[in-house]
Amino acid sequence: MQLIDGKSLANKVQTSVATEVEQLKQEKNIVPGLAVILIGDDPASHAYVKMKAKACEKVGFYSITHSMPDAISQEEIIATIEMMNNNPRIDGILVQLPLPKHVDTDKILEVIDPKKDVDGFHAYNVGRLVTNLDSFVACTPLGVMKMFEEYNIELEGKDVCVVGASNIVGKPMAALLLNANATVTVTHIFTKDLKAHTLQADIVIVGVGVPGLIKEDMVKEGAIVIDIGINRIADGSLVGDVDFKNVSPKCSYITPVPGGVGPMTIAMLLSNTLKSAKQRA
Ligand code: NAD
């Protein structure tokens with residue numbers, strides 16, 4: 001069994017982004033800029049935004065965070081996004097999810113200029129991804145693809161089972177895998193027999209939010225298991241959606257939690273923002 005080390009791969013990506021940022025500054029006098037919109041006081045969202053701001057600083061980006069109270073109106077959020085759409089120093093706009101209940105998330109995401117949609121959630125970019133055209137791709141599944149590339153894991157012709165079908169994880173993951181010529185099965189809460197699907201897969205990718213959902217008897221010998229889940233359990237520790245202790249001995253490759261997909265998500269956000277800045281250049 002080999003661990004897929006997301007932390008060191010993320011560091012490698014960040015180092016290469018930092019080098020390119022320096023080049024962009026010297027050659028074109030452009031500093032990539034990321035605007036983060038943070039609404040309410042959800043501690044997890046605040047922690048993620050802090051991590052993102054720190055990562056931006058590390059690679060030499062210009063970054064700003066617009067923090068707004070929970071009770072902010074949808075119109076005010078839209079006005080802030082439009083301001084960022086028109087700000088020439090900003091290459092990427094990220095709205096930290098989840099949003100408060102009174103806000104229509106789909107509507108908010110549609111206001112972001114697709115050219116600055118570094119989270120890849122805008123329908124324009126999702127459509128381009130599905131049709132295999134160049135686009136901004138959601139950072140978490142993009143990070144998983146980067147892991148496959150780094151570890152020379154071939155996808156063509158492989159049977160891949162994606163567990164979880166959200167717009168930000170499972171669906172873009174499935175589209176990327178299809179574009180890489182894998183045979184993809186997407187499962188979710190209404191799937192009748194999850195084990196029947198995971199058990200026949202060469203690669204299982206799970207992003208659900210249920211600790212220990214994937215058990216030892218649900219994966220075949222030699223399978224590759226990618227755990228996207230991040231769950232805080234009662235003792236305060238972070239665990240994934242895979243029963244790591246019992247599943248890992250059966251795997252050829254597996255990602256740990258923490259230190260697996262999580263760091264890759266931020267690395268790909270930096271990479272997407274750099275890509276946008278290069279397009280501006
Ligand atoms: P979500 O709630 O939007 O979607 C969950 C998906 O899982 C749904 O499609 C649902 O049908 C499916 N599901 C739920 N219970 C299931 C079950 N028992 N069996 C099969 N399918 C089931 O969640 P999300 O935003 O996609 O996040 C999923 C997980 O991934 C969470 O743990 C989240 O913290 C994590 N996540 C991690 C990163 C990262 O950077 N590593 C990024 C985003 C999300």
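Structure shown above.
1. What to know about the layout of surface pockets
Okay, step 1: Of the voids in this model, the second largest pocket is the one considered here, and its volume is about 390 Å³.
Okay, step 2: Lining the second largest pocket are 20 residues; nearest its centre among them are L109, F121, V126, N167 and I168.
Okay, step 3: Of all elements in the fold, only α4 (105-111), α5 (123-130) and α7 (170-179) reach the threshold of two or more residues within the lining of the second largest pocket.
Okay, step 4: For the lining of the second largest pocket, the element with the highest residue contribution is α7, accounting for 5 residues.
Okay, step 5: Here the lining of the second largest pocket is composed, by residue class, of 13 nonpolar, 4 polar and 3 charged.

2. A word on the site of the ligand
Okay, step 1: The full set close to the ligand counts 21 residues, and A165, S166, I189, I228 and T265 are the nearest of them.
Okay, step 2: Residue I230 places a main-chain N or O atom 3.1 Å away from an oxygen atom belonging to the ligand.
Okay, step 3: The protein chains hide 71% of the 860 Å² of surface that the ligand would expose on its own.
Okay, step 4: Along the lines of polarity and charge, the residues of the shell around the ligand split into 11 nonpolar, 10 polar and no charged.

3. A look at the pairing of strand β8 (residues 224-227)
Residues in a regular strand point their side chains to alternate faces of the sheet.
Okay, step 1: On β8, burial covers both faces: I224 and I226 on one face and V225 and D227 on the other are all buried.
Okay, step 2: The sheet contact formed by β8 and strand β11 (residues 253-254) spans 2 bridges and is parallel. Looking at β11, one finds that V225 is bridged to I254.

4. Remarks on the sheet that holds β8
Okay, step 1: Read across the open sheet, the 6 strands follow the order β1-β11-β8-β7-β5-β6; overall the sheet is parallel. If you trace the sheet from one side to the other, it starts and ends with β1 (2-3) and β6 (183-187), each paired once.
Okay, step 2: Strand direction decides the pairing type here: strand β5 (residues 159-163) and strand β7 (residues 203-206), joined by 4 bridges, are parallel. Among the inter-strand pairings, V162 is bridged to a residue of β7, identified as I205.

5. Comments concerning helix α3 (residues 74-85)
Okay, step 1: With 12 residues, α3 extends 16 Å from end C-alpha to end C-alpha; this agrees with the ideal 16 Å at 1.5 Å per step.
Okay, step 2: Q74, I77, I78, T80, I81, M84 and N85 are the residues of α3 that are buried. Burial along α3 is one-sided: seen end-on, the buried residues are contained in an arc of 160°.

6. Thoughts on unusual backbone geometry
Okay, step 1: Following L97, the chain continues to P98 via a peptide bond in cis, the omega torsion being 5°.
Okay, step 2: Along the chain, P98 falls in the loop between β4 (92-95) and α4.
Okay, step 3: A cis amide bond links V257 with the next residue in sequence, P258, at an omega value of 0°.
Okay, step 4: Note that P258 resides in the loop between β11 and α10 (261-280).
Okay, step 5: Here N29, not a glycine, exhibits a phi torsion of approximately 55°, which is positive.
Okay, step 6: Relative to the helices and strands, N29 resides in the loop between α1 (6-28) and β2 (33-39).
Okay, step 7: A residue is classified by how much of its surface remains accessible, and N29, at 69% relative accessible area, is exposed.
Okay, step 8: The phi torsion at N152 lies on the positive side, around 50°, for a residue other than glycine.
Okay, step 9: Here N152 shows up in the loop between α6 (139-150) and β5.
Okay, step 10: On the accessibility criterion, N152 (71% relative accessible area) is exposed.

About the cut-offs
Within any chain, residue numbers begin from 1 and follow the written order of that chain's sequence. Local features in this predicted model are restricted to residues of pLDDT 70 or higher, and side-chain atom pairs are both shown and tallied only at a pLDDT of 80 or more, whereas totals for entire chains, interfaces and linings draw on every residue. Heavy atoms throughout the structure, all of them, feed into the side-chain values; hydrogens and water do not. The distinction between a cavity and a pocket rests on a 1 Å grid over the protein atoms alone: a 1.4 Å probe fits inside a cavity but cannot get out, while a pocket stays open yet meets protein on both sides within 12 Å along at least five of seven lines, and a residue with an atom within 4 Å of a point counts as lining. Grid points are joined across faces, edges and corners, and a volume is the space filled by probe spheres set on the points. Comment: elements are numbered from the N terminus, with helices defined as DSSP H or I runs of at least four residues and strands as E runs of at least two. For this scheme, ten residues count as nonpolar: Ala, Val, Leu, Ile, Met, Phe, Trp, Tyr, Cys and Pro. Four count as charged, namely Asp, Glu, Lys and Arg, and the remainder, Gly too, count as polar. Residues are counted as near a molecule or strand when any one of their heavy atoms sits within 4 Å of it. Residues adjacent in sequence count toward polar contacts only when both atoms are side-chain atoms; beyond that, a polar contact is any pair of N or O atoms within 3.5 Å, and within protein one must be able to donate a hydrogen and the other to accept it. Computed by Shrake-Rupley with a 1.4 Å probe, the accessible areas treat only the displayed protein chains as cover when residues are assessed. Any residue under 20% of the maximum accessible area for its type is buried, any over 50% is exposed, and the rest in between are partly exposed; the area is computed with a 1.4 Å probe on protein chains only. Any two strands are treated as partners once DSSP identifies two or more bridges connecting them. The length a helix should cover is 1.5 Å for every residue beyond the first. Of all possible arcs, the one meant is that of the directions from the helix axis to the C-beta atoms.

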